[in-house]
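Each chain is listed here by its residues.
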Amino acid sequence: QVQLVESGGGLVQPGGSLRLSCAASRNVLRIAAMGWYRQAPGKQRELVAGISSTGTTNYADSVKGRFTISRDNAKNTVHLQANSLKAEDTAVYYCNLEVGGLEFWGQGTQVTVAS
């Protein structure tokens, strides 16, 4: 079992930035694929950004050039740097970890972009 705890969400004005963090309870990041998903009210959960165990990244088209995912295996932490935020980025952001055929989710952190 792996617990994931997200932090860093909050209220930000359009054009602003946030840095989300996801801390894993076990030292498995070096062999795990990690991802950030988001779910807005009335919409399906969608992949925002992913990073493989080897460091390969992928992004949703809607966030390319604005968001950056990174990992710190030594600290068992994955980050999502979100810049140039837009109102449509408002959602609950979830951290996801896949390892050994198992999948784990964090509890989510709210990001609200509004003036």
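Residues numbered from 1 in each chain as written. Predicted model: local features only at pLDDT ≥ 70, side-chain atom pairs only at ≥ 80, totals over all residues. Heavy atoms only, no water.

A. Main features of the pairing of strand β10 (residues 102-105). Bridge analysis of strand β9 (residues 91-99) against β10 gives four bridges, and the strand direction is antiparallel. Within the sheet, the bridge partner assigned to Glu 98 lies in β10 and is Glu 103. Counted between consecutive antiparallel strands, the loop separating β9 from β10 contains two residues, among which Gly 100 sits at a positive phi close to 60°. (Pairing = 2+ DSSP bridges. Helix = DSSP H or I, 4+ residues; strand = E, 2+ residues; numbered from the N terminus.)

B. Quick peek at the pairing of strand β11 (residues 109-113). Here β11 shows a clear split, with Thr 109, Val 111 and Val 113 buried on one side and none of Gln 110 and Thr 112 buried on the other. Summarising the sheet, strand β2 (residues 10-12) and β11 pair through three bridges and their orientation is parallel. Bridged to Gly 10 within β11 is Val 111. Relative to β11, β9 runs antiparallel, the two being bridged by three bridges. Paired with Val 92 across the bridge in β11 is Gln 110. (Buried < 20%, exposed > 50% of the residue type's maximum accessible area, 1.4 Å probe, protein only.)

C. The packing of aromatic side chains, seen in detail. The tally for this structure, following the rule as stated, stands at one aromatic pair. Taken together, a centroid distance of 4.9 Å and an interplanar angle of 65° make the contact between Tyr 37 and Trp 105 edge-to-face. Taken as a pair, Tyr 37 in strand β4 (residues 33-39) and Trp 105 in strand β10 lie far apart in primary sequence, 68 residues in all. The buried category is assigned to Tyr 37, whose relative accessible area is 19%. Residue placement shows Arg 45 over the ring face of Trp 105; its charged tip is 4.6 Å from the ring centre. (Phe/Tyr/Trp six-rings, centres within 6.5 Å; stacked < 30°, edge-to-face > 60°. Lys NZ or Arg CZ within 6 Å of the ring centre and 35° of its normal.)

Function cannot be inferred from these measures alone, as they are strictly geometric.
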